[in-house]
Every structure is written in structure tokens, then in C-alpha cells.
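Here's the letter readout for the chains.
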Amino acid sequence: MTTMYAALLRGVNVGGSRKVPMADLRALLTSLGHDAVRTHLQSGQAVFASDHGDEESLATELAEAIEKRFGFPVDVIVRDHAYLKRVVEACPFPAAELEAKQLHVTYVSAPVDADRFAGIDAPAFHPEEFRLGDRALYLYAPDGLGRSKLAEALGRPRVNKGLIATSRNWNTVTKLVELTGA
């Protein structure tokens, strides 16, 4: 059975380094045997159909192919349409009332629990807030991600040790649901 997936690449095409042209990414995914390949924006997300593998094996396969093709490692998270849809449906913040730049989802490679974030004094960052989801962290940052002190605290290596984590704004989160739903 064919499943639609989104591949989320961490840290590509930002600041002029780690360039992964989207046309090359599409060609690479196609060469790996995937169908209905499309990319969204230049910030490292692609959607594709596959009837082989699972999220973890697909992510590993793509990460290895990217390193071989482009010469540098890239962390990759792959999630299927059903998961992406559940992330949107489970949003603990009033997404319809917020600007897309105020709401972000950080996708993580494995489940996380509150203990991982126990050292973060969440009330000190108010009105910014975060909530945990299924392999996802929801962040409300009223002034945007670039100015968010809470995002900075949540992104520290000691907090994310052992995980791949990559964030997307709400517009991209919902667009990936749309693109993988086809």
C-alpha cells in the first residue's frame, strides 16, 4: 500500500550554507524509488509516496543519500500524512486566532516527556508558551520565532540531547498536511 510522507530536513538552505537545491532533492527522492515527489519552499521539506519502508528507515535512507550526494550530513525526519494531520488536530493553542508566525511545531525524532524540559522555567518566558505532543512540541511565540527566548531555551543541546528536532511555522505545518493528503 502506498503512503504519502513528508521529509523534513534540518538546517538546510539557511544562511547561505548547506545548500540542497529543491530540484536536486526531488531528483534524489525519485532515484530512491519514490513517487509523487514534490517540494515545498526552499527550507527543506518534500513530500513523496512510497510503498516500502517505514518512517525511520525512510529517514535513514534519505539522510544517507543526501550526505553521499551533497557531501555533508543532514538530519531528516519523515512523517506520514496521518501523523501530520493528528499534529494539527491536537494543537493545544487556538491556531485559527493566531498569526502563522506566532505558532510553531518542532517535530522530534522520538517521544519526549516533561522531564526533559524540567529545567526550563516556563513562567519566566510568559507570554510565550510550549506544550508537548506526540513526537512534537508546540510553541506559541507572540513576537515570532526569531525573537523567542523560549525557543532558544528549548533548542539548547542539553535539552535536545539524542534527538533530531526541526521546527516549522503553522503555515508550513498545515501545508504539509494538505500536500500529503493528495
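Structure first, text after, so check above.
Residues numbered from 1 in each chain as written. Predicted model: local features only at pLDDT ≥ 70, side-chain atom pairs only at ≥ 80, totals over all residues. Heavy atoms only, no water.

### What to know about helix α1 (residues 22-31)
Part 1 of the reasoning: Regarding α1, the residues found buried are Met-22, Leu-25, Leu-28 and Leu-29. Here the buried residues of α1 occupy an arc of 115 degrees about the axis, which is enough to place them on one side.
Part 2 of the reasoning: Residues of α1 that are buried sit in contact with β1 (3-9), β2 (35-40), β3 (45-50) and α2 (55-70). (Buried < 20%, exposed > 50% of the residue type's maximum accessible area, 1.4 Å probe, protein only. Helix = DSSP H or I, 4+ residues; strand = E, 2+ residues; numbered from the N terminus. Arc of directions from axis to C-beta. Contact = heavy atoms within 4.5 Å.)

### A short note on the sheet that holds strand β4 (residues 76-80)
Part 1 of the reasoning: With antiparallel pairing, 4 strands are arranged side by side in an open sheet as β2-β3-β1-β4. Unpaired on one side and paired on the other, β2 and β4 mark the two borders of the sheet. Going from strand to strand, the sheet's axes swing by 20 degrees on average, the running direction of each strand aside.
Part 2 of the reasoning: The sheet contact formed by β2 and β3 spans 4 bridges and is antiparallel. Note that in β3 the partner of His-40 across the bridge is Gln-45.
Part 3 of the reasoning: Strand contacts of α1: β1, β2 and β3, with the helix running at about 155 degrees to β2, the strand carrying the most contacts.
Part 4 of the reasoning: Against the sheet, α2 contacts β1, β3 and β4, and its axis sits at roughly 145 degrees relative to β4. (Pairing = 2+ DSSP bridges. Axes fitted to C-alpha atoms, helices over the stretch in contact; angles between N-to-C directions.)

### Observations regarding the nonpolar core
Inside soluble globular proteins, nonpolar side chains tend to come together where they are buried.
Part 1 of the reasoning: One finds Leu-84, Val-87, Cys-91, Val-105, Tyr-107 and Trp-170 to be the most contacted residues of the largest nonpolar core, which totals 24 residues.
Part 2 of the reasoning: Put simply, the parts of the chain that give this core at least two residues each are β1, β3, α3 (81-89), β5 (103-108), β7 (136-140) and α5 (170-180).
Part 3 of the reasoning: For this core, the leading source of residues is α5, giving 5 residues.
Part 4 of the reasoning: Once residues within four sequence positions are removed from consideration, Val-105 is found in contact with Val-87, Ala-136, Leu-137, Tyr-138, Thr-166, Ser-167, Arg-168, Trp-170 and Val-173.
Part 5 of the reasoning: Ranked by size, the runner-up nonpolar core spans 23 residues in total, among them Tyr-5, Leu-25, Phe-48 and Val-76. (Core = buried A, V, L, I, M, F, W, Y, C linked by side-chain atoms within 4.5 Å.)

### Observations concerning the sheet that holds strand β6 (residues 129-133)
Part 1 of the reasoning: The 4 strands lie next to each other as β6-β7-β5-β8, forming an open sheet whose pairing is antiparallel. The sheet is open, and its two borders are formed by β6 and β8 (165-169), each paired with just one other strand. Within the sheet, the average angular offset between the axes of one strand and its neighbour, ignoring direction, is 20 degrees.
Part 2 of the reasoning: Relative to β7, β6 runs antiparallel, the two sharing 5 bridges. From the neighbouring strand, Glu-129 faces β7, where its bridge partner is Tyr-140.
Part 3 of the reasoning: Against the sheet, α5 makes contact with β5 and β8, and its axis sits at roughly 95 degrees relative to β8, the strand it touches most.

### Examining the packing of α3 against α5
Part 1 of the reasoning: Following both chains from N to C, one finds α3 and α5 inclined at 140 degrees, their axes separated by 9 Å at the closest point. With respect to each other, α3 and α5 are oriented oblique. The chirality of how α3 crosses α5 is left-handed. Along the contact surface, α3 presents His-81, Leu-84, Lys-85 and Val-88, while α5 presents Trp-170, Val-173, Thr-174, Leu-176, Val-177 and Thr-180.
Part 2 of the reasoning: A breakdown of the residues in the contact of α3 with α5 according to their chemical character gives 6 nonpolar, 3 polar and 1 charged. (Parallel < 35°, antiparallel > 145°, perpendicular 65-115°, else oblique. Left-handed = near helix turned anticlockwise from the far one by under 90°. Nonpolar A, V, L, I, M, F, W, Y, C, P; charged D, E, K, R; others polar.)

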